[in-house]
Amino acid sequence: MNRPDDLIDHSHRPSKLLLMLESRAIYDAAAMVPMFRLQKFLPQGDNHPVLVLPGFLASSRSTRPLRKYIADLGYKAHRWKLGYNLGYSFKLHYGMRERVGELVERYGEKISLVGWSLGGVYARELAREMPDIVRQVITLGSPFRGHPQSSNVHRIFDMISEVPYHQIPNDFLQHMSDPPPFPTTALYTRGDGVVAWQSTVELSDRTDVENIHVGGAHLGLGFNPRALVAIADRLAQPEGAWKPFQPRLWMKPWFDKWYAGWLVGGEENALAGGGGG
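Residues numbered from 1 in each chain as written. Predicted model: local features only at pLDDT ≥ 70, side-chain atom pairs only at ≥ 80, totals over all residues. Heavy atoms only, no water.

Enquirer: What is the right way to read the side chain of Asn-85 from this model?
Expert: Inspection of the secondary structure puts Asn-85 in the loop between β2 (76-78) and α5 (90-107). Polar side-chain contacts of Asn-85 include one of 3.1 Å to the backbone oxygen of Pro-54. In this structure the side chain of Asn-85 is engaged in a polar contact, spanning 3.4 Å, whose partner is the side chain of Tyr-122. Here Asn-85 is in contact with Pro-54, Gly-55, Phe-56, Leu-57, Ala-58, Trp-80, Leu-92, Leu-118, Gly-119 and Tyr-122, once residues within four sequence places are set aside. (Helix = DSSP H or I, 4+ residues; strand = E, 2+ residues; numbered from the N terminus. Polar contact = N/O pair within 3.5 Å; in protein donor to acceptor, adjacent residues only side chain to side chain. Contact = heavy atoms within 4.5 Å.)

Below, the structure is given as C-alpha cells:
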C-alpha cells in the first residue's frame, strides 16, 4: 500500500518524562469547574448541532463535561453513541456517518464536529466524506499527521483495533493529513505526552485553517480552560464569515508556546521546512 510521505515518525514520539507528566491532566479537569461560571463572558452559540467524538480507549463519558460546556454556550451538543473508541473498524466508520446524517436530518442544518485525539482524526475524515453537511471541524491533540509509531500508545492500538494500521483503507491514510474543505482548527499542546505534538498541527497555507496552542496534558485537553476558550470562540464563528482566532490582549500570554525545546522534541515542526508548529 502507498502511505503518505509527510508523516511524523517514531523519532518524535514523546519522552517517558512527558508521558509521566500526563498526570497533570487532573489540574486541567479541576480548572474546568470555574469555566462554567465564566462562560457567560465568552461568545454565545447560535443553537447549531455539534457532535463530540472521544479519543482512543475512551467513551462518551469522557466528553460529558465538554458537551455540557458546549450546550451551556447555546449549542445542541451530542455524544457519538458508539461505545468505547477501540480503534478503527468499518462498523465504526459507517456508524459515525449514520450518526452525523441523523443529526443533520433532525435539525435541518450543518453540523460542527469536535474530536479529541483519535476522535479528531475520525472527524476530519467524516468531514471530507460529507462536505455538504459539515460546518467546521475542531480537533484536540489529534495525530492526523503522524505515523502510529509517533505515539506512545501505538502498540495498544494495533493490539485492540479491529483493523490494524497496515490494513486501514489507503484512501483514509492518503488524505488523513489534508484539512477538510472548510474551516478547520487544530488545538494542540507542545507538552503532549501521548502523541507527538508535531503530528497534531496543520501545515496548510489556507486562510481558514489554523493551529492554536493551548498547552497542558493530552489527557486534559477536553477540560483545558484555554481549549474551552478557543472552542467557544471557534464555534461562534458565523458560517461564511470565519476569521482566525485572535485572543484578547490580556489572554495572549495564555496561548504562548512556553515549553522548552529540549523537553518537547524541538522548537519547530520537522515537516514545516523551517516553519513553526
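Enquirer: Any chance you could explain unusual backbone geometry here in plain terms?
Expert: Note: most peptide bonds trans; most residues except glycine with negative phi. With a phi angle near 70°, Leu-57 is a residue other than glycine that sits in the positive phi range. Considering the arrangement of structural elements, one finds Leu-57 in the loop between β1 (49-53) and α4 (64-73). Under the relative-accessibility criterion, Leu-57 is labelled partly exposed at 39%. (Buried < 20%, exposed > 50% of the residue type's maximum accessible area, 1.4 Å probe, protein only.)

Enquirer: Mind showing me how you'd approach the sheet that holds β2 here?
Expert: What holds strands together in a sheet is hydrogen bonding between their backbones, with the strands either parallel or antiparallel. Spatial strand order, β2-β1-β3-β4-β5-β6: six strands in an open sheet with parallel pairing. Since the sheet does not close on itself, it has two edges, and those belong to β2 and β6 (209-213), each with one partner. Neighbouring strand axes in the sheet, compared pairwise and without regard to direction, differ in orientation by 20° on average. In the sheet, β1 pairs with strand β3 (residues 111-116) via four bridges, with the strands oriented parallel. Among the inter-strand pairings, Val-50 is bridged to a residue of β3, identified as Ser-112. Across the sheet, helix α6 (residues 118-129) lies against β1, β3, β4 (134-140) and β5 (184-188), angled at about 150° from β3, the strand it touches most. This element, helix α9 (residues 225-235), spans β1, β3, β4, β5 and β6 of the sheet and lies at about 170° to β4. (Pairing = 2+ DSSP bridges. Axes fitted to C-alpha atoms, helices over the stretch in contact; angles between N-to-C directions.)

Enquirer: Mind showing me how you'd approach the confidence of the model for the protein chain here?
Expert: Atom-level detail of predicted coordinates should not be read off regions where pLDDT is low. Summing up the model confidence of the protein chain, the mean pLDDT is 90 and the portion of residues at 70 or higher is 92%. Below pLDDT 50 for its whole length, residues 273-277 participates in 10 contacts with residues either more than four positions away or in separate chains. (pLDDT = per-residue confidence, 0-100.)

Enquirer: Please clarify how helix α2 (residues 25-32) should be interpreted in this entry.
Expert: If you check which residues of α2 are buried, you get Ala-25, Asp-28 and Met-32. Viewed along the axis of α2, the buried residues span an arc of 50°, placing them on a single side of the element. Away from the buried face of α2 by more than 90 degrees, exposed residues Ile-26 and Tyr-27 are located. Structurally, α2 contributes buried residues whose contacts are with α3 (35-38), α4 and α9. (Arc of directions from axis to C-beta.)

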